[in-house]
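Structural description and commentary
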Amino acid sequence: MAALTDESSARADLGHSLRIRPFRSLFLSSTVSAVGAAISIVSVNWVVYQFTRSSLDVAYVGLTGVVPGILLGFLAGVIADRYNRRNLMVLADIVRMCCIGVLALMLLIFGFSLILVLAMMTLVSAFSSIFIPASQAILPSLVPKASLEDANGLLQSMDGVMYSAGSAIGGVTVAVAGVSLGLGINALTYALSALFLFQLASTAHRVTSPGPTQKKSFKTDFLEGVRYMRSNLPVFQVTLAFLPANFLWALVSPFLVILAAQRFGNSSLAYSALVASLAAGTAIGAILTGRLRTGRFAGYLMGACILVQGGTATIFAVSDILAISVITAAIAGLFIGVTIATFYATLQSIIPSDLLARVLSIDAVGAFGAIPAGLLVGGILIQTVSISGCYLVAGIGLLLTGSVALSLKGFRSIRQAL
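Now for a quick tour of the structure.

The rules behind these values
Residues numbered from 1 in each chain as written. Predicted model: local features only at pLDDT ≥ 70, side-chain atom pairs only at ≥ 80, totals over all residues. Heavy atoms only, no water. Helix = DSSP H or I, 4+ residues; strand = E, 2+ residues; numbered from the N terminus. Rg over C-alpha atoms; globule rule 2.2 N^0.38 Å. Buried < 20%, exposed > 50% of the residue type's maximum accessible area, 1.4 Å probe, protein only. Contact = heavy atoms within 4.5 Å. Areas by Shrake-Rupley, 256 points an atom, 1.4 Å probe, with all protein chains shown as cover. Lys, Arg positive; Asp, Glu negative; His and termini not counted. Charge placed at Lys NZ, Arg CZ, Asp CG, Glu CD. Patch = residues over 30% accessible without salt bridge, like charges linked within 9 Å, V, L, I, M, F, W, Y side chains within 5 Å. Salt bridge = Lys/Arg side-chain N within 4 Å of Asp/Glu carboxyl O. Phe/Tyr/Trp six-rings, centres within 6.5 Å; stacked < 30°, edge-to-face > 60°. Axes fitted to C-alpha atoms, helices over the stretch in contact; angles between N-to-C directions. Left-handed = near helix turned anticlockwise from the far one by under 90°. Nonpolar A, V, L, I, M, F, W, Y, C, P; charged D, E, K, R; others polar. Expected span 1.5 Å × (residues − 1).

Now for the overall build of the protein chain. Per the secondary structure count, the protein chain includes 16 helices and 0 strands. Against the globule reference of 22 Å for 418 residues, the protein chain gives a C-alpha radius of gyration of 20 Å, in line with a compact fold. Principal-axis analysis of the C-alpha atoms gives the protein chain an extent of 60 × 50 × 40 Å. Counting the 418 residues in the protein chain, one finds 56% classified as buried. By sequence separation, contacts in the protein chain at least 24 residues apart represent 88% of the contacts at least 6 residues apart. When the accessible surface of the protein chain is split by element, carbon and sulfur atoms take 71% of a total near 16500 Å². Across the protein chain, the centroid of the 24 positively charged side chains sits 5 Å from that of the 14 negatively charged ones.

Here you go:
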């Protein structure tokens, strides 16, 4: 049932969604999770590259973050549309807490093991693939439709702020105390996230399902989502356009750790500065979404974002000055933040609630399906050519992809429904 009370009436002021109590619980959960995830990613990527000195091993770590989501994405969307979304999110947080806690203890006791790192990060990602569609689909039941831009902007912006802070903390933690402490902090944030989510009313977020004699199969549920996407050309074209865009961006952001190591004195602090700047830009962009009402021209904005990503990848390729690279990362993050918040607010406003998780999962699998190939290609390019060559390929490809996307009428036409 939707959270439509006197508390949930749409307001024009920035950040008004925080006045809605259930949304605050989701917001706090997202905030603490973002800090822990950033510390964890900086810690894991840095320790893997320091022990192996292999761009392919860094790519393998990146693969653990996307492959489980691709393999489980369709099923996860059906599950999130069938069952209590709050309970699914709490369960995912508890399992992720246990996995990260075990990894921290094993590394502390037995030392570095690439297989162990990859195995635990794969499990974390598998449960994240359940958490993410549930969290995206639960939002329209917490705030009114007119507040979706503001709510998504707040979530994405705070994620960016906390990810930025977590990246900086992660760099310092690795330099001073080692990777195990960073992972321990991440496990604690998952526990806190579960506590905040548990405050949501359990009965308010069950998805209406057919009666016992009419219960549909998982296949039928999944095909309903496929049919919806096929019948909506703008949504379908956005998914297709982000397939090559995500492939090409996978040649860039996962390998910032190598950029920092090769160009900026092999410093974990330089790496964390790049990641923090990217996250801070994302935060600023996301918070602007509600104020600028970007859903009115969502298609044009997403195309512009792909073009900007191409420009920033090219700058990364040629710049050997840390300050310029940090500013470039912030610019990339700014456009990514606006685009992510706009994308989710737009789809949440036009897709029926009972189909939302399925369609978002299908879109995610389609859009992110090329990332594993991008990670492997990036790792090979860096190892056989150079980091500059890899980033130049990504930059040119993104500029072409953005131009093609903006030439598609369906892509340009997508906008938020109010």
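Below, the discussion takes up the environment of glycine 389. Within the secondary structure, glycine 389 sits in helix α15 (residues 387–407). With 11 residues separating them along the chain, glycine 389 and glycine 378 place their C-alpha atoms 9.6 Å apart.

Our next topic: a nonpolar patch on the surface. A surface patch of nonpolar side chains, amounting to about 640 Å² of accessible area, comprises Val102, Leu105, Met106, Leu108, Ile109 and Phe110. The residue leucine 108 is located in helix α3 (residues 85–110) in this model.

With that out of the way, let us pick up the packing of aromatic side chains. Applying the stated criterion across every chain, the model contains 6 aromatic pairs. Plain terms: the ring middles of phenylalanine 51 and phenylalanine 112 are 4.6 Å apart, the flat faces sit at 10° to each other, and that makes the pair stacked. Here phenylalanine 51, found in helix α1 (residues 21–52), pairs with phenylalanine 112, found in the loop between α3 and α4 (114–138); they are 61 residues apart in sequence, far enough to count as distant. The class for phenylalanine 112 is partly exposed, based on a relative accessible area of 24%. Centre to centre, the rings of phenylalanine 242 and phenylalanine 411 are 6.5 Å apart; their planes meet at 40°, and the pair counts as tilted. Within this pair, whereas phenylalanine 242 is found in helix α8 (residues 233–249), its partner phenylalanine 411 is found in helix α16 (residues 409–413), the two being separated by 169 residues in sequence.

Before going further, it helps to examine the packing of helix α5 (residues 148–176) against helix α12 (residues 322–350). At a minimum axis distance of 8 Å, the contact between α5 and α12 shows a crossing angle of 145°. The chirality of how α5 crosses α12 is right-handed. Only Ile340, Ala341, Tyr344, Ala345, Gln348 and Ser349 of α12 make contact with α5, whose side of the interface consists of Leu148, Glu149, Asn152, Gly153 and Gln156. Grouping the amino acids of the contact of α5 with α12 by side-chain chemistry returns 5 nonpolar, 5 polar and 1 charged.

Summed over the entire model, instances satisfying the criterion amount to 4 salt bridges. Among the ionic pairs, aspartate 93 bridges to arginine 96, the shortest N-O distance being 2.6 Å. Residue aspartate 93 and its partner arginine 96 are both found in helix α3; the two are separated by 3 residues, about one turn of the helix. Relative accessible area serves as the criterion here: at 6%, arginine 96 is assigned to the buried category. Note that glutamate 224 and arginine 358 form a salt bridge whose closest N and O atoms lie 3.1 Å from each other. Of this pair, glutamate 224 sits in helix α7 (residues 218–231) while arginine 358 sits in helix α13 (residues 353–368), and the two are 134 residues apart along the sequence. Owing to a relative accessible area of 23%, glutamate 224 belongs among the partly exposed residues under this scheme. The network of salt bridges with shared partners includes Asp81, Arg85, Glu224 and Arg358.

What follows deals with α15. The periodicity of an α-helix, 3.6 residues per turn, causes residues three or four positions apart to be oriented the same way. Look at α15: 31 Å from first C-alpha to last across 21 residues, which is about the 30 Å you get at 1.5 Å a residue. The complete set of buried residues in α15 reads Ile387, Gly389, Cys390, Tyr391, Ala394, Gly395, Gly397, Leu398, Thr401, Gly402 and Ala405. Tucked into the core, α15 has its buried residues touching α8, α9 (256–263), α11 (298–318), α14 (371–384) and α16.

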